[in-house]
Amino acid sequence: MAGRGTDGHPHGADRLCEAGDRVYSRAVRRGRVPRAEAEAVPCLLELALLHPDPDDMAWLVPTSPQEVMTRLLRGVYDEVSASQRRMGSAVAAFEWYAGLGPLPQNAVAEGSAIRVLDGLSRIQAAMDAATDACTTEVLTVQPGGIRPEHELTEGLHRAMALRARGVRMRDLYTHVARHGQGLLNYLELMGDAVEARTLEEVIDRLILFDRTVAFIPANADRTLALELRHPALVNYLVTVFERLWRLAIPLTAPLPETGIEGISYRERSIAALLAEGHQDAVIAERLGISVRTCRAHIARLSETLGAASRTQLGVRIAQVGLVGPARAADVSPSAMSLPDRGSRTAR
């Protein structure tokens, strides 16, 4: 929701000009401002931060900050989703062109832009080489739920070597990973060399070294991987990571309350995916939980919302405002209340 702005005010709602900041702040504090005060900042009307007071057209009232933040984050979320789709298209295009004819002899050279790593041993060797060459930064995305101990132990020697050279690391996980003691132990061991954040959903596994080389899986069981060194592809993946990072919540911070009594943050996420029409198995995979756990949460949602069927659950989810991706900015004290327990349909 960047907004085009007007002449002299080329900005969006996320970076107001000084004059716009003063007028909007005054409007939020007082509840409204005279229309004359906003004449010098037409950007506020164009960005829908102010709108006419229906009771007195000579005054302007502010759009609530919570609503503005929700719109901004929804725009960022849509950009990230589009970036994920473009990344998949880019990889598919390269694979299609590669299959048109024989590769030149130098195409499989060590410095090639895209290299297919076949087998765990080759993947491990390439990762070790990238670790040895890394000098400043490692960015990783780790999908799924709680990280298995063997995975954390497997990569520990690389992480320790990086920390010893002063390399900074940033890791993205799903919210479910917060419950893994192994991850907490790993982060405690690494100290301030690693910063971790979590999201309800992340993209597939991604590891970036020094913003020059990236590794992504090339099949479902991760016995094939792509080593990417093309600057445009790597920069694209860095952009995807940074946008996800801005949306994520630090591991040291608690997940926000949903603002709706009896519904947890995870159930908020499940409700949003149910509203999009996804099946239980898909929801479980995207959130990094088991299908059994997912169904237990759905049952709890039905009980809390007073729904006697899956169809009725979808209606209640929409009624209380749980549609759309769950984000901290969606939460406000004015969230719709749940039906009284005494009026729920018997199950």
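Residues numbered from 1 in each chain as written. Predicted model: local features only at pLDDT ≥ 70, side-chain atom pairs only at ≥ 80, totals over all residues. Heavy atoms only, no water.

### Description of the nonpolar core
The condition is simple: We define the nonpolar core as a collection of buried residues of types Ala, Val, Leu, Ile, Met, Phe, Trp, Tyr and Cys that are connected through side-chain atoms lying within 4.5 Å of one another. Per-residue accessibility, obtained with a 1.4 Å probe over protein chains only, is compared with the maximum for each type, and a residue is labelled buried under 20%, exposed over 50%, and partly exposed between these values. Numbering of helices and strands starts at the N terminus; helices are DSSP runs of H or I of at least 4 residues and strands are runs of E of at least 2.
Counting 26 residues, the largest nonpolar core has V138, M169, Y186, L187, F209 and F215 as its most contacted members. For this core, the secondary structure elements donating two or more residues are helix 4 (120-133), helix 5 (149-164), strand 6 (168-174), helix 6 (181-190), strand 7 (194-199), strand 8 (206-209) and strand 9 (213-217). Residues V141, I216, L237 and F241 belong to the second largest nonpolar core, which totals 24 residues.

### What about the side chain of S302?
Our working definition: Any two residues having at least one pair of non-hydrogen atoms within 4.5 Å are treated as being in contact.
Here S302 is to be found in helix 10 (residues 291-305). In this structure S302 touches A307 and L313, once residues within four positions along its chain are discounted.

### Describing the sheet that holds strand 3 (residues 56-62)
Let me state the cut-off plainly: At least two bridges found by DSSP between two strands are what make those strands a pair.
Read across the open sheet, the 3 strands follow the order 1-3-2; overall the sheet is antiparallel. Two strands close off the open sheet at either side, each with one partner strand: strand 1 (33-34) and strand 2 (50-53). With 2 bridges joining them, strand 1 and strand 3 adopt antiparallel strand pairing. Looking at the pairing, P34 lines up with W59 of strand 3.

### Thoughts on the pairing of strand 9
In terms of residue burial, strand 9 counts as a mostly covered element, since 5 of its 5 residues are buried. In strand 9, alternate side chains face the same way, and those of V213, F215 and P217 on one face and A214 and I216 on the other are all buried. Sheet topology places strand 8 next to strand 9; 3 bridges connect them, and they run antiparallel. Bridging across to strand 9, I207 finds its partner in F215. Relative to strand 10 (residues 224-228), strand 9 is paired through 4 bridges, and the arrangement is antiparallel. Its bridge partner being in strand 10, F215 is matched across the sheet by E227. In this structure, the hairpin formed by strand 9 and strand 10 is closed by a connection of 6 residues, where R222 is found at a positive phi of approximately 60°.

### Some words on the packing of aromatic side chains
To keep things clear, this is the line we draw: Side-chain rings of Phe, Tyr and Trp (the six-membered ring for Trp) are treated as a pair once their centres are within 6.5 Å; stacked means planes under 30 degrees apart, edge-to-face means over 60, and tilted covers the remaining angles. Here, a charge over a ring is recorded when the distance from Lys NZ or Arg CZ to the ring centre is within 6 Å and its angle to the ring normal is within 35 degrees.
In total, this model carries 2 aromatic pairs according to the counting rule given. Where F241 meets W245, the ring centres are 5.7 Å apart and the plane angle is 20°; that geometry is what we call stacked. Here W245 and F241 lie together in helix 7 (residues 231-247), a separation of 4 residues that amounts to about one turn. One exposure class covers both F241 and W245, and it is buried. Sitting over the face of the ring of W59, R32 holds its NZ or CZ atom 3.9 Å from the ring centroid.

### Some points on the pattern of salt bridges
The condition is simple: Salt bridge criterion: a side-chain nitrogen from Lys or Arg within 4 Å of a carboxyl oxygen from Asp or Glu.
Inspection of every chain in the model, using the stated rule, returns 14 salt bridges. For the salt bridge of R170 with E137, the shortest nitrogen-to-oxygen distance reads 3.2 Å. Taken together, the residues span a long stretch of sequence, with R170 in strand 6 and E137 in strand 5 (residues 137-142) at a distance of 33 residues. As far as the burial class goes, R170 and E137 line up, both buried.

### Examining empty space enclosed by the protein
In plain terms, the rule: Cavity and pocket criteria rest on a 1 Å grid covering protein atoms alone: a 1.4 Å probe that fits but cannot get out defines a cavity, protein on both sides within 12 Å along at least 5 of 7 lines defines an open pocket, and an atom within 4 Å of a point defines a lining residue. Grid points are joined across faces, edges and corners, and a volume is the space filled by probe spheres set on the points. As a working rule, the residues Ala, Val, Leu, Ile, Met, Phe, Trp, Tyr, Cys and Pro are called nonpolar, Asp, Glu, Lys and Arg charged, and the rest polar, with Gly in that last group.
Per the stated rule, a full pass over the model turns up 1 cavity of 30 Å³ or more. Volume-wise, the largest cavity comes out at about 30 Å³. Lining the largest cavity, in full, are M87, V91, L228, L233, Y236 and L237. No other element matches helix 7, which puts 3 residues into the lining of the largest cavity. Of the residues belonging to the lining of the largest cavity, the class tally is 6 nonpolar, no polar and no charged.

### Focus: helix 9 (residues 280-287)
Condition: As used here, the arc is the angular range of directions from the helix axis to the C-beta atoms.
Of the positions making up helix 9, those classed as buried are D280, I283, A284 and L287. In a view along the axis of helix 9, the buried residues occupy a sector of 100°, so they form one face of it. Those residues of helix 9 hidden inside the fold are in contact with strand 6, helix 8 (265-275), helix 10 and helix 11 (310-319). G288 sits one or two positions beyond helix 9 and adopts a positive phi of about 75°.

### Observations concerning the packing of helix 8 against helix 11
Spelled out, the test is: For helices, the fitted line uses only the C-alpha atoms of the stretch in contact; every axis is such a line through C-alpha atoms, and the angle between N-to-C directions lies from 0 to 180 degrees. Oblique is the label for every angle not falling under 35 degrees (roughly parallel), over 145 degrees (roughly antiparallel), or within 65 to 115 degrees (roughly perpendicular). By convention, the crossing between two helices is left-handed when the near helix turns anticlockwise from the far helix through less than a right angle, and right-handed when the turn is clockwise.
Interhelical geometry of helix 8 versus helix 11 gives an angle of 110° and a closest axis separation of 10 Å. Judged by the angle between their axes, helix 8 and helix 11 are roughly perpendicular. Our pair here, helix 8 against helix 11, has a crossing hand that is left-handed. Two secondary-structure elements touch here, helix 8 through A271, L274 and A275 and helix 11 through R310, L313 and I317. Classifying every residue of the contact of helix 8 with helix 11 by side-chain character gives 5 nonpolar, no polar and 1 charged.

### A word on unusual backbone geometry
One non-glycine residue, D210, lies in the positive phi region at around 55°. Secondary-structure assignment places D210 in the loop between strand 8 and strand 9. We classify D210 as buried; its relative accessible area is 18%. One non-glycine residue, R211, lies in positive phi territory at about 55°. Within the element layout of this structure, R211 appears in the loop between strand 8 and strand 9. A relative accessible area of 35% means that R211 is categorised as partly exposed.

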